[in-house]
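Breakdown of the fold
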Amino acid sequence: MSTERYDVVVVGAGTAGAFAAATAASEGVSTALLERKSEAEAGQIACGDAVKGKGTFPGVIDLEYLREESFTNERIEKARFENPRSGETVDIPFEAPGSVVDRKRYGEVILEEAARAGTDVHYDTVVQDVVQTNGTAGRNGNGAGNGDAGRVQGVEAVRRGEPTEYEADVVIDAGGALSVLQDRADLSGATFDTNVSYSQFCSAYREVIEVDSPVEWDDALVFKPTEELGYLWYFPRTPTEINAGLGFQMNKPPMELVETLKRDLRSRPEFDGATVKNKLGAALPTRRPYDSATAPGFMAVGDAAGHVNPTTGGGIPGAAKAGHWAAERAIEAVTSGDAGEQRLWEYNRRVMADFGKRFAAMDVYNIFGGAHDVDELVDVLTALPGQQIVDALGKEGTASMDLGLKLKTALRTVGHWDLLYELYRVQGKAAALKELYEAYPASPAGFEAWRERRDALMDEIYALTGADPKY
Ligand SMILES: Cc1cc2nc3c(=O)[nH]c(=O)nc-3n(C[C@H](O)[C@H](O)[C@H](O)COP(=O)(O)OP(=O)(O)OC[C@H]3O[C@@H](n4cnc5c(N)ncnc54)[C@H](O)[C@@H]3O)c2cc1C
């Protein structure tokens with residue numbers, strides 16, 4: 001087996017990995033980015049291709065170049081929810097315009113940029129194992145990990161058919177959903193979240209479809225609820241190229257994804273005579289972010305750490321930020337010669353202080369939704385005005401309705417007031433949870449106590465919704 005030595009080894013050349021590698025390499029830290037796909041295939045990923053504005057990406061790569069090359073539709077102004085039974089729609093305007101990208105080109109550009117920053121990108125390199133120091137992996141008194149015991153020191157891979165060991169001060173796991181590294185590593189001595197099961201994931205499938213005539217909704221992300229607490233989506237890459245897909249939560253009975261999409265496409269006249277250009281499926285985490293994504297010498301980022309909005313499946317901006325923040329800690333660890341959890345911890349805190357608290361709160365609505373009949377949820381959804389839905393989903397908002405609108409909403413929701421009242425109480429719990437995440441500990445010492453408080457609040461949420469515990 002040959003051996004390579006780097007300061008930082010990043011596994012997985014998706015969004016999280018590319019941003020992590022670009023950040024580390026641009027600061028002069030020797031960085032390898034390992035990707036199992038070939039150079040020609042890299043960047044191709046099963047995705048809905050919808051992203052928020054470029055402002056949400058760390059400026060460590062040339063974002064203008066990324067935008068010019070891959071943001072094919074920058075005029076997304078609203079989300080449109082369709083009632084699957086009545087066909088009725090609710091439009092919710094975005095605060096800032098969103099975009100849909102050419103995902104392959106986007107993936108290529110971020111890798112070009114990581115290489116330009118000085119990363120050694122090794123394609124055709126399948127990581128199979130983690131190299132850890134021997135010693136009793138056991139958490140010390142304050143949950144900070146005990147320095148070197150169980151420290152991750154590198155990975156074992158097969159590179160173009162040749163077994164290769166990569167040694168590193170810090171390994172960043174950007175291997176995506178259900179990453180193999182976490183199966184292989186012994187993380188029991190660290191704070192790293194191992195309470196992860198397939199039922200907290202969503203199975204999703206998408207097609208890129210070319211239609212003959214421009215669609216009239218090319219400024220909207222179109223969503224339509226399905227059984228199994230999933231949704232179909234139609235995201236316009238251009239007025240004639242549509243990313244259409246769907247997913248279901250894996251704690252529900254499996255859904256015939258391809259057939260369900262076909263059926264829906266047949267019911268839409270704009271897809272008559274359309275051509276399917278590409279098909280792909282994958283799993284994505286629809287859960288709260290990992291409580292901690294650090295272990296000595298090791299951090300997980302992006303899908304590998306549950307950094308996806310659990311209600312929309314949006315994970316691209318979170319992956320980019322997490323990759324960037326983790327690499328900042330990795331640089332500090334390399335410079336100081338200390339890759340213990342205490343040193344890496346600020347990465348966890350930054351995630352929680354930013355999107356982590358919001359995604360944890362959104363997960364409460366997933367738990368609530370999973371305990372109810374989809375038809376009833378749809379009735380309530382389409383009866384509520386847009387602002388109320390935005391508020392219920394944890395964004396800032398006034399929740400104010402004039403009396404006329406209140407009366408109209410009350411009439412349209414007749415028969416569902418129990419559910420609405422429950423939603424109101426769930427909203428209160430989600431806000432309390434968000435506050436708790438805002439108080440995420442500043443060091444590993446406070447982690448266990450914080451987690452106990454969070455778990456107690458989650459117990460209240462399960463009791464309120466009647467849902468089975470998700471974690
Ligand atoms: C169907 C679908 C639709 C989605 N729609 C959207 C959307 O519209 N908007 C949005 O923001 N998000 C969406 N997401 C989520 C989004 O795609 C992910 O959150 C995002 O791509 C995560 O990036 P990542 O870098 O963490 O992981 P990935 O992009 O999955 O990258 C992981 C990389 O690691 C590589 N890898 C894995 N294991 C190994 C190994 N052992 N050795 C070497 N390399 C390895 C993989 O080949 C891959 O290149 C969707 C996801 C799915 C599945």
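Cut-offs and rules
Residues numbered from 1 in each chain as written. Predicted model: local features only at pLDDT ≥ 70, side-chain atom pairs only at ≥ 80, totals over all residues. Near = placed C-beta within 6 Å. Helix = DSSP H or I, 4+ residues; strand = E, 2+ residues; numbered from the N terminus. Nonpolar A, V, L, I, M, F, W, Y, C, P; charged D, E, K, R; others polar. Domains from an automatic or database assignment. Axes fitted to C-alpha atoms, helices over the stretch in contact; angles between N-to-C directions. Left-handed = near helix turned anticlockwise from the far one by under 90°. Contact = placed C-beta atoms within 7 Å. Buried ≥ 20, exposed ≤ 12 C-beta atoms within 10 Å, placed from the backbone. Pairing = 2+ DSSP bridges. Expected span 1.5 Å × (residues − 1). Arc of directions from axis to C-beta.

Neighbouring the ligand are 39 residues; Gly12, Gly14, Gly48, Gly302 and Gly315 lie closest to it. Broken down by secondary-structure element, the contributors of at least two residues to the shell around the ligand are helix H1 (15-26), strand S3 (50-51), strand S7 (125-132), strand S10 (201-210), strand S14 (275-285) and helix H6 (316-336). At three residues, H1 tops the list of elements feeding residues into the shell around the ligand. Split by residue class, the shell around the ligand holds 20 nonpolar, 13 polar and six charged. Two domains each provide a minimum of three residues to the shell around the ligand, namely domain 1 (2-64 + 105-193 + 288-353) and domain 2 (73-98 + 199-285).

Here we take up the packing of H1 against H6. Contact geometry for H1 and H6: axes closest at 7 Å, N-to-C directions at 35°. Crossing angle aside, the handedness with which H1 passes H6 is right-handed. Touching Thr15, Ala16, Gly17, Phe19, Ala20, Thr23 and Ala24 of H1 are Ile316, Ala319, Ala320, Ala322, Gly323, His324, Ala326, Ala327, Glu328, Ala330 and Ile331, all from H6. Here the contact of H1 with H6 is built from residues that sort into 12 nonpolar, five polar and one charged.

The next subject is unusual backbone geometry. The residue Asp124 is not glycine, and still its phi comes out positive at about 50°. With respect to the helices and strands, Asp124 occurs in the loop between strand S6 (120-122) and S7. Overall, Asp124 belongs to the partly exposed group, with 18 C-beta atoms counted inside 10 Å. Its identity is not glycine, yet Leu178 carries a phi of approximately 55°, on the positive side. Here Leu178 lies in the loop between strand S9 (162-173) and helix H4 (180-184).

Below, the discussion takes up the sheet that holds strand S12 (residues 230-238). Taken together, eight strands build an open sheet; the order of strands is S3-S5-S4-S11-S12-S13-S10-S14 and the sheet is mixed. Each end of this open sheet is capped by a strand with a single partner; those strands are S3 and S14. Relative to strand S5 (residues 89-101), strand S4 (residues 71-82) runs antiparallel, the two sharing eight bridges. Considered in S5, the bridge of Phe71 is made with Val101.

The next subject is helix H13 (residues 447-465). Here H13 spans 27 Å end to end across 19 residues, near enough to the 27 Å set by a 1.5 Å rise per residue. When H13 is considered as a whole, its buried residues turn out to be Phe447, Met458, Ile461 and Thr465. Down the axis of H13, the sector holding all buried residues measures 50°, keeping them to one side. Exposed side of H13, more than 90 degrees from the buried face: Ala449, Glu452, Arg453, Ala456, Asp459 and Ala463 are the residues found there. Looking at the residues trailing H13, positive phi occurs at Gly466, about 75°.

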